[in-house]
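Residue-level structural notes
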Amino acid sequence: MTNLEKYNQIFMNVLGVKESALDENFTFKAVTQWDSVAHLSLISELEDAFDIMFDSRDILHYGSYENGKIILGKYGVSI
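On a predicted model such as this, the values are computed, not experimentally measured, just so you know.

Details of helix α2 (residues 36–50)
With 15 residues, α2 should cover 21 Å at 1.5 Å per step; its first-to-last C-alpha distance of 21 Å lies within 8% of that length. Restricting attention to buried positions, one finds in α2 the residues A38, H39, L42, I43, L46, E47 and F50. Where α2 is buried, its residues meet α1 (3–15), α3 (56–61) and α4 (65–74). Where α2 begins, the side chain of D35 points an oxygen toward the backbone nitrogen of V37, at a separation of 3.3 Å. D51 occupies a position one or two residues after α2 and carries a positive phi of about 50 degrees.

Details of the packing of aromatic side chains
A full pass over the atoms with the stated rule returns nine aromatic pairs. On the basis of an interplanar angle of 75 degrees and a centroid distance of 6.0 Å, the ring pair of F11 and F26 is categorised as edge-to-face. Here F11 is found in helix α1, whereas its partner F26 is found in the loop between α1 and α2, with 15 residues between them in sequence. Residue F11 shares its accessibility class with F26, and that shared class is buried. In textbook terms, an aromatic cluster arises when at least three aromatic residues are bridged by ring pairs, as seen for Y7, F11, F26, F28, W34 and Y65.

Observations concerning the side chain of N8
For N8, the location among the structural elements is in helix α1. A relative accessible area of 5% means that N8 is categorised as buried. Side chain to side chain, N8 and E19 meet in a polar contact 2.9 Å long. Not counting the four nearest positions on each side in its chain, N8 is found in contact with E19, L22 and Y65.

Brief notes about the pattern of salt bridges
Scanning all chains against the criterion turns up two salt bridges. A salt bridge links D58 to K74; its shortest N-O distance comes to 2.7 Å. Taken together, the residues D58 in helix α3 and K74 in helix α4 connect sequence positions 16 residues apart. Judged by its relative accessible area of 55%, K74 is exposed. Residue E66 pairs with K69 through a salt bridge whose shortest N-O separation is 3.4 Å. With E66 and K69 both in helix α4 and three residues apart, this pair spans about one turn of that helix. The class for E66 is partly exposed, based on a relative accessible area of 30%. Since its relative accessible area comes to 22%, K69 is described here as partly exposed.

Quick notes on the rules
Residues numbered from 1 in each chain as written. Predicted model: local features only at pLDDT ≥ 70, side-chain atom pairs only at ≥ 80, totals over all residues. Heavy atoms only, no water. Helix = DSSP H or I, 4+ residues; strand = E, 2+ residues; numbered from the N terminus. Expected span 1.5 Å × (residues − 1). Buried < 20%, exposed > 50% of the residue type's maximum accessible area, 1.4 Å probe, protein only. Contact = heavy atoms within 4.5 Å. Polar contact = N/O pair within 3.5 Å; in protein donor to acceptor, adjacent residues only side chain to side chain. Phe/Tyr/Trp six-rings, centres within 6.5 Å; stacked < 30°, edge-to-face > 60°. Salt bridge = Lys/Arg side-chain N within 4 Å of Asp/Glu carboxyl O.

Following this line, the structure appears as structure tokens:
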């Protein structure tokens, strides 16, 4: 499984969306099921899948599907 496939699978599992929904418009504000509890679940799943530990600033700024790819890049994960 590629990193992109893992990344997408986590979003689909945690937020209950289809892969076709994952695009530049997929943001915390635009997705009703992306609440604070889902956000923490998403972060936890990403940390486990990619064997990383986000710092608190990155957790707070992880507000969109696309921005998440950039943040993961800071930890050596290329999507």
